[in-house]
Amino acid sequence: MTAIGTIFALLVGGVLLVPVADRLHLPHPVLVTGWGMVWALLPGATNVHLAPETLLGLVLPPLLYAGAQRTSWREFTAQLRPILLLAVVLVILTAAAVAGAAASIHPALPLGAAVVLGALVSPPDAAAATSVAARLGLPRRLVTILEGEGLFNDVTALTLYQVAVYSAVHGPLSLPATLGRLAYSTVLALAAGLGIGWITGQLLDRLPTASARAGLSLLAPFAAYLPAAAAHSSGVLAVLATALYLNHARAYTDDATSRVTGRAFWSVIELLVICATFGLVGLELTSVIRAVGHQAGRLVGYAALICLIVIVVRVLWLTPLAALARRRARPRPAGEQVPASWRDSLVLSWAGMRGVVTVATALALPHLTAANTPFPGRDQIIFVAVIVVLVTLIVQGTSLPWLIIWLRMRVDPAAQSAADRHAATIALDAAEARLRERRHQLDTETADLAAQSFYAALADTFPEDEDVSDTQRIQHHKHVRALEVDLLHAAREAVVDARNHHIIDPDAADRLIHRLDLRSLTTS
């Protein structure tokens, strides 16, 4: 079978395993990895060999861009300190601890290769944790921390990864050279990402259809990643800069069609990327097991030790840090979230599952160094990294829901209803203010019909039009719909503004914006 046929089979199997994973209460990526291993053992199966830069260029841009759709620039700035402490400092500490342990327990592994392994397993996968959080109703303060950490720990880990791989391939870098490379990578990536974001925003405003805008949004992360990577900069940071710029610049855009279609579009893209990546891991893992041979048992022991290290380092860093943050006397910036109790700290500590970024970068390790010698310990690194991912997904991923339930960390339904009512009140106030502004331009019947229809949008019911004569019905309908569009725009703008200024719960705001968008589609 051709490589294209193999990828197609992995995608089909991965999609069909989604309901199986839900029924068995197992992480979906684990089953997809198993499917890849099964496929590799079938007669006539073909392995898929992609160049490292090709694999990263195909997998990382859409995956990171999809994750960035769930945050905003204001949320990022509000969470800057927690992000720096978790997504930067904790990642560096974890990578250092893993590298030190790997170099000491595996003497054949050079320090540079050990650092590569540390960079691979250091970033937790927020998508795995937040999917559990969404299903069980974890408090928003914890979801915000996990999402912020998940977005930006990839930047730190992948920057470490690139430097470590470069050192292993071309020779060690001096400290000044390393710092200079990091500064160059950061500045160029931010410039490229913001530039591509601005250009994409201008083009999105000029495209006439939602399908064309969705297509351009799919190309945007690649447009940011590829030039930055070609210039030996951080393509990951460039993608995040593009996504955050577009989220911020287009937050007030009255484009309900693109938001509704884009939401479903990017969830599908994210699912397919995860299916392809973990399926390829399963394929590669069979080859790696054959390559390590009799070392497999010992490497499993190494992987178990590294799993313990990444969990313990996270607990030792997060628990005292959260306690100090809660006792801090000076006021925090608006919107900054910190764990409110030891229960919060325990859940965050246990939510450190590793995921798709780890396996994608492990598969992307080069086969040869600049001296045309095999990359040191490549098979062992991939084997250990994949075992760490599978163990954390299975052990932590399956036990995290029980931990959340046992600690009674689920959102109070009354509090969620209150947050929804608060968001709806802001939307209603904005719509009524706009209606008062336009009352003098309208007849009473048109204004009343538009107001009734708008109220129905918030109540999830759609009243029948008032009984009017046939000669007036069409004209009244046009006036009512035009006014309702204006009211919906005013309400949406007020809710977005309140969310950005941390006046209302972000989840409640997103739910209401989605309802207003759906209603907008019925008025077009």
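Our subject is the structure that appears above.
For clarity, every value in this text was computed on a predicted model and none was experimentally measured. (Residues numbered from 1 in each chain as written. Predicted model: local features only at pLDDT ≥ 70, side-chain atom pairs only at ≥ 80, totals over all residues. Heavy atoms only, no water.)

### Describing the overall build of the protein chain
No. 1: Across its full length, the protein chain carries 20 helices and zero strands.
No. 2: Buried residues in the protein chain amount to 52% of all 524 residues.
No. 3: The long-range share in the protein chain, meaning contacts at least 24 apart out of those at least 6 apart in sequence, stands at 81%.
No. 4: Counting every atom, the protein chain has about 23600 Å² of accessible surface; 66% of that belongs to carbon and sulfur. (Helix = DSSP H or I, 4+ residues; strand = E, 2+ residues; numbered from the N terminus. Buried < 20%, exposed > 50% of the residue type's maximum accessible area, 1.4 Å probe, protein only. Contact = heavy atoms within 4.5 Å. Areas by Shrake-Rupley, 256 points an atom, 1.4 Å probe, with all protein chains shown as cover.)

### Looking at the environment of Thr178
No. 1: As for its placement among the helices and strands, Thr178 is situated in helix H9 (residues 175-204).
No. 2: Judged by relative accessible area, which is 17%, Thr178 ranks as buried.
No. 3: Between the C-alpha atoms of Thr178 and Leu160, which are 18 residues apart in sequence, the distance is 9.9 Å.

### Topic: the nonpolar core
It is characteristic of soluble globular proteins that their nonpolar side chains tend to be buried jointly.
No. 1: Residues Leu117, Leu120, Val121, Tyr161 and Leu365 are the most contacted members of the largest nonpolar core, which totals 110 residues.
No. 2: Counting residues per element, this core draws most heavily on helix H16 (residues 378-406), at 14 residues.
No. 3: Sequence-distant contacts of Leu120, that is, excluding residues within four places in its chain, are made with Tyr161, Thr358, Thr361, Ala362, Leu365, Ile381 and Ala385.
No. 4: One finds Leu488, Val496, Ala498 and Leu512 within the second-largest nonpolar core, a separate group that totals 15 residues. (Core = buried A, V, L, I, M, F, W, Y, C linked by side-chain atoms within 4.5 Å.)

### Remarks on the packing of aromatic side chains
To describe a pair of aromatic rings, you give the distance between the ring centres and the angle between the ring planes.
No. 1: Summed over the entire model, instances satisfying the criterion amount to three aromatic pairs.
No. 2: Measuring from centroid to centroid gives 5.7 Å for Trp35 and Trp39, while their planes differ by 55 degrees, and the two rings are tilted. With Trp35 and Trp39 both in helix H2 (residues 28-41) and four residues apart, this pair spans about one turn of that helix.
No. 3: We classify Trp35 as partly exposed; its relative accessible area is 24%.
No. 4: Under the relative-accessibility criterion, Trp39 is labelled buried at 13%. (Phe/Tyr/Trp six-rings, centres within 6.5 Å; stacked < 30°, edge-to-face > 60°.)

### A few points about helix H6 (residues 111-121)
An α-helical turn contains 3.6 residues, so a residue and the one three or four places further along point in the same direction.
No. 1: When you tally the buried positions in H6, you get eight out of 11 residues, the bulk of the element.
No. 2: Within the sequence span of H6, burial applies to Ala113, Ala114, Val116, Leu117, Gly118, Ala119, Leu120 and Val121.

### A word on the environment of Cys307
No. 1: Inspection of the secondary structure assignment puts Cys307 in helix H13 (residues 296-327).
No. 2: With a relative accessible area of 5%, Cys307 lands in the buried category.
No. 3: When the C-alpha positions of Cys307 and Val389 are compared, they lie 8.7 Å apart, and in sequence the two are 82 residues distant.
No. 4: Sequence-distant contacts of Cys307, that is, excluding residues within four places in its chain, are made with Val388 and Val391.

### Some thoughts on helix H1 (residues 3-24)
No. 1: Its 22 residues give H1 an end-to-end C-alpha distance of 30 Å, which sits within 8% of 32 Å, the value for a rise of 1.5 Å per residue.
No. 2: Helix geometry: H1 is bent most strongly at Val18, by close to 35 degrees, with proline Pro19 lying one to four residues after it.
No. 3: Of all the residues in H1, the buried ones are Gly5, Thr6, Ala9, Leu10, Gly13, Gly14, Leu17 and Ala21.
No. 4: His25 occupies a position one or two residues after H1 and carries a positive phi of about 60 degrees. (Expected span 1.5 Å × (residues − 1). Bend = angle between axes of the 7 residues up to and from the residue.)

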